[in-house]
Amino acid sequence: GGPYAVPPEGSPLFPRGAEPQFHSMAGRGKEVGIDMTGDVTRVPNTTLSHVLLEWAFEQRPEAQHQLKELIFQAYYSKNIFLDLEALVAFADQAGYDAVAARAHLLSGNGEASVRKKSNDAKRCINGIPHIIINDKATFSGAQDPGVFVRALQAAARS
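Residues numbered from 1 in each chain as written. Predicted model: local features only at pLDDT ≥ 70, side-chain atom pairs only at ≥ 80, totals over all residues. Heavy atoms only, no water.

Right, let's talk about the packing of aromatic side chains for a bit. Taken as a whole, this structure holds 3 aromatic pairs when the rule is applied. With a centroid separation of 5.7 Å and an interplanar angle of 50°, the aromatic rings of Trp55 and Tyr96 are classed as tilted. Taken together, the residues Trp55 in helix H2 (residues 47–59) and Tyr96 in the loop between helix H4 (84–93) and helix H5 (98–107) connect sequence positions 41 residues apart. Tyr96 matches Trp55 in its accessibility class, with the two residues each being buried. Note on Tyr75 and Tyr76: the rings are 4.9 Å apart at their centroids and 80° apart in plane angle, and the pair reads as edge-to-face. Here Tyr75 falls in the buried class, since its relative accessible area comes to 13%. (Phe/Tyr/Trp six-rings, centres within 6.5 Å; stacked < 30°, edge-to-face > 60°. Helix = DSSP H or I, 4+ residues; strand = E, 2+ residues; numbered from the N terminus. Buried < 20%, exposed > 50% of the residue type's maximum accessible area, 1.4 Å probe, protein only.)

Below, the structure written as structure tokens:
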């Protein structure tokens, strides 16, 4: 729920034809080898992505990062909408059982847990990425490298 809730089929970027917000970070991303120049036309509901990632961690935690990277690239670089079919294909590419991944996503199992974690997090998290250092919420949103340096130095002193 809430004012920013996205339906399962996604929602168009508003206003129509608007440049994705993440394009403003494309230059920074490129500096560290991350391509964020995709031209997505719909914002996905990411609940299924999170359900899949949690399931993947339970199955084979060592491969979850690869799956997460495929999802990230699909949205930010390759203009692939994150629907059920795409997510199952990414699970397969990352070495997970595609039939089991599809069955899990279609079952609805995990959705309540993902929503609860999301709602709990929204009480203290107001942007992404959200950085936690030494078990303390430190800051949210894209930051200059100096912000990270100062936060890590402060954490080292405490």
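Side chains of nonpolar character tend, in soluble globular proteins, to be buried together. With 30 residues, the main nonpolar core has Leu52, Leu67, Ile71, Phe90, Tyr96 and Leu105 as its most contacted residues. Of all the secondary-structure elements, those providing two or more residues to this core are H2, helix H3 (64–76), H4 and H5. Once residues within four sequence positions are removed from consideration, Leu52 is found in contact with Leu67, Leu87, Ala91, Ala101 and Leu105. Among the nonpolar cores identified, the runner-up in size contains 5 residues, and Ile131, Ile133, Ala151 and Ala155 belong to it. (Core = buried A, V, L, I, M, F, W, Y, C linked by side-chain atoms within 4.5 Å. Contact = heavy atoms within 4.5 Å.)

Any link to function would need more than the numbers given here.
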